[in-house]
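# A structural walkthrough
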Amino acid sequence: MTEAETRRLLVELAGSLFTRGFSVGSAGNISVRLDDGYLITPTNSSLGRLDPTRLSRLDAAFAHVDGDKPSKEVFMHRAFYTARADAGAVVHLHSTMATAVACLPDVDASNPIPPLTPYFVMRVGRSMPIVPYYRPGDPAMEPAIHAAARDARAVLLANHGPVISGKSLTDAVYAAEELEEAARLFLLLRRDLPRRLTAAQVDDLLATFG
Ligand code: 13P
């Protein structure tokens, strides 16, 4: 994919997330790895109204080289890219259901959402921890996210929202959508003690779909 195509795809996927309510106002940010750096959404931009020519361009060391001023959460994205060689894109949202789970004190912070459905396991993986609360834009969260991302494709930032990586932009966005729906199911069902996928079923999914 050329850089121009990647820019257009990022704007299209961000717009789709915004239109369907996964992001409101200027919440959320999206980045993608290029051969020689990264593209990231500009700070204070709405995911619903991005301009492909004004996306922030970072070099391979995450320094801003072109486009509008980058998201204040660059370090959050950097934590994933440096922890995971397989991360080709990172999506951060304040989507309601995932953020609701990130506000609950009585869940297992190492893995709050159980394996209820196959696509959550296939897209997000075996575990997704909650990282303690930090103020948005606080670079102090980078080491905590980096440590968690070594073993997880996605994390929930306490009282803030999800951060999800994927091999590609499309993968990361699909995983963000699947995570939001898994969080919705979890919140609907958690007092009913729903049947979970077994460890063997989770192993089978990951062995088959990666
Ligand atoms: P930016 O507008 O700087 O990307 O921040 C939005 C956000 O989601 C903060 O967590």
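Presented here is a report on the structure given in the accompanying data block. Because the structure is a prediction, the values reported are computed rather than measured.

Attention shifts here to the site of the ligand. Around the ligand, the neighbouring residues are Ser26, Ala27, Gly28, Asn29, Thr43, Asn44, Ser71, Lys72, Glu73, His92, His94 and His160. Asn44 is positioned such that a nitrogen or oxygen atom in its backbone is 2.7 Å from an oxygen atom of the ligand. The contact in question runs from an oxygen atom of the ligand to an N or O atom on the backbone of Lys72, over 2.9 Å. Starting from 300 Å² of accessible surface for the ligand in isolation, the protein chains cover 96%. Tallied by class, residues from the shell around the ligand come to one nonpolar, nine polar and two charged.

In an α-helix, one turn spans 3.6 residues; hence positions three or four apart end up facing the same way. The end-to-end C-alpha separation of helix H6 (residues 169-189) is 30 Å, in line with the 30 Å expected for 21 residues at 1.5 Å each. The set of residues buried in H6 consists of Leu169, Ala172, Val173, Ala175, Ala176, Glu177, Leu179, Glu180, Ala182, Ala183 and Phe186.

The next subject is the sheet that holds strand E4 (residues 64-66). Paired through backbone hydrogen bonds, the strands of a sheet run either parallel or antiparallel to each other. Here eight strands make up an open sheet; going across it, the order is E4-E3-E2-E1-E5-E8-E7-E6 and the pairing mixed. Both outer strands of the open sheet, E4 and strand E6 (130-131), are each paired with one neighbouring strand and no more. For strand E1 (residues 29-34) and strand E5 (residues 89-92), the ladder comprises four bridges, and the chain directions are antiparallel. Bridge pairing in E5 links Ser31 to Val90.

Counted by the stated rule, this structure contains twelve salt bridges. The partner of Arg78 in a salt bridge is Glu142, with the nearest N and O atoms 2.6 Å apart. Of this pair, Arg78 sits in helix H2 (residues 74-83) while Glu142 sits in helix H5 (residues 141-149); the two residues are 64 residues apart in sequence, bridging distant segments of the chain. The exposure class of Arg78 is partly exposed, given its relative accessible area of 29%. Accessibility expressed as a relative area gives 15% for Glu142, which makes it buried. When salt bridges that share partners are traced, they join Glu3, Arg7, Asp36 and Arg57 into one network.

What counts and how
- Residues numbered from 1 in each chain as written.
- Predicted model: local features only at pLDDT ≥ 70, side-chain atom pairs only at ≥ 80, totals over all residues.
- Heavy atoms only, no water.
- Near = heavy atom within 4 Å.
- Polar contact = N/O pair within 3.5 Å; in protein donor to acceptor, adjacent residues only side chain to side chain.
- Areas by Shrake-Rupley, 256 points an atom, 1.4 Å probe, with all protein chains shown as cover.
- Nonpolar A, V, L, I, M, F, W, Y, C, P; charged D, E, K, R; others polar.
- Helix = DSSP H or I, 4+ residues; strand = E, 2+ residues; numbered from the N terminus.
- Expected span 1.5 Å × (residues − 1).
- Buried < 20%, exposed > 50% of the residue type's maximum accessible area, 1.4 Å probe, protein only.
- Pairing = 2+ DSSP bridges.
- Salt bridge = Lys/Arg side-chain N within 4 Å of Asp/Glu carboxyl O.

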